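Chain and residue survey
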Amino acid sequence: MLSQEENKLFTSIGPGTPMGALLRRYWHPVGCSEFVTSKPQRVKVMGEELVLYRGASGDTHLMQLRCAHRSLALDYGRVEGECLRCPYHGWLYDQTGQCLEQPAEPEGSSFKDKIKLTSYPTQEYSGIVWGYLGPGPAPLLPLFDVLRMTDGVKDVTVQNINANWFN
């Protein structure tokens, strides 16, 4: 039987935790391809609140949920090309999280160059959007046999299961 401290060590997966550091080295399903649109959506992965959206090119993007300016949730934002604009003061972030525009800053200001949100690589395969939250370079996405099957019927569903990874 695990002690309370051991249980906390094994089940805590947030940023900066030992198990969080380990589990972030794997690809995780973060959304269903058919539901990821140009309307940003909030997702919670590995204890982090993130925003997931599809850019104009059709690529999916995953980044930190809160704007660096006033911490407004970017799932209320607007997709512009591959970028995401905060609805509060209009800061524009590209898919890497780099701030590109700050409308209220004076002309020629370089403050935007110092602002960057955390972003994560994504891949789509078999109707699922996968995100990698670990250090680079990201490993290859494992192509599980059940995902590669072409015969039969495939149905991707989303369920929220309130359990930790250890259970």
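The structure this text deals with has already been given above.
Note that the coordinates shown come from a computational prediction; the quantities given were computed from them, not determined experimentally.

**Considerations on the pairing of strand β3 (residues 48-54)**
Burial within β3 is extensive, with six of its seven residues counted as buried. Hairpin connection, strand β2 (residues 41-45) to β3: the antiparallel pair is bridged by two residues, and Met46 has positive phi, about 55 degrees. Relative to strand β4 (residues 60-64), β3 is paired through five bridges, and the arrangement is antiparallel. Note that in β4 the partner of Leu50 across the bridge is Gln64. Where β3 folds back on β4, the antiparallel hairpin that results is connected by five residues, among which Gly58 adopts a positive phi of roughly 100 degrees.

**Details of the state of the cysteines**
A complete count under the given rule lists zero disulfides for this structure. Just so you know, Cys83 is unpaired, no disulfide at all, and the nearest cysteine sulfur is the one on Cys99, 10 Å from it. Judged by its relative accessible area of 13%, Cys83 is buried.

**Notes on the sheet that holds strand β8 (residues 99-101)**
The strand order across the open sheet built from four strands is β5-β6-β7-β8, with neighbouring strands paired in antiparallel fashion. Strands at the two margins of the open sheet, each flanked by one partner only, are β5 (78-80) and β8. Here β5 pairs with strand β6 (residues 83-85) via three bridges, running antiparallel. Pairing of Val79 across the sheet is with Leu84, part of β6.

**Considerations on the sheet that holds β3**
Strands belonging to one sheet form pairs held by backbone hydrogen bonds; the direction of such a pair is parallel or antiparallel. As summarised here, the arrangement of the four strands in space is β2-β3-β4-β9, forming an open sheet in which the pairing is antiparallel. Either end of the sheet is taken by a strand with one partner, and the two such strands are β2 and β9 (119-120).

**As for the packing of aromatic side chains**
For the structure shown, the criterion picks out two aromatic pairs. Relative to Tyr132, the ring of Trp27 lies with its centre 5.6 Å away and its plane at 45 degrees, an arrangement referred to as tilted. Taken together, the positions of Trp27 in strand β1 (residues 27-32) and Tyr132 in strand β11 (residues 128-132) put the pair 105 residues apart, joining distant regions of the chain. Judged on exposure class, the residue Trp27 and its partner Tyr132 are both buried. A centroid spacing of 6.3 Å and a plane angle of 75 degrees characterise the contact between Trp91 and Phe111, whose relative ring orientation is edge-to-face. Remark: Phe111 occurs in the loop between β8 and β9 and Trp91 occurs in the loop between β6 and β7 (92-93); sequence separation between them is 20 residues. Using a relative accessible area of 7% as the deciding quantity, one classes Trp91 as buried.

Scoring rules and cut-offs
- Residues numbered from 1 in each chain as written.
- Predicted model: local features only at pLDDT ≥ 70, side-chain atom pairs only at ≥ 80, totals over all residues.
- Heavy atoms only, no water.
- Buried < 20%, exposed > 50% of the residue type's maximum accessible area, 1.4 Å probe, protein only.
- Helix = DSSP H or I, 4+ residues; strand = E, 2+ residues; numbered from the N terminus.
- Pairing = 2+ DSSP bridges.
- Disulfide = S-S within 2.5 Å.
- Phe/Tyr/Trp six-rings, centres within 6.5 Å; stacked < 30°, edge-to-face > 60°.

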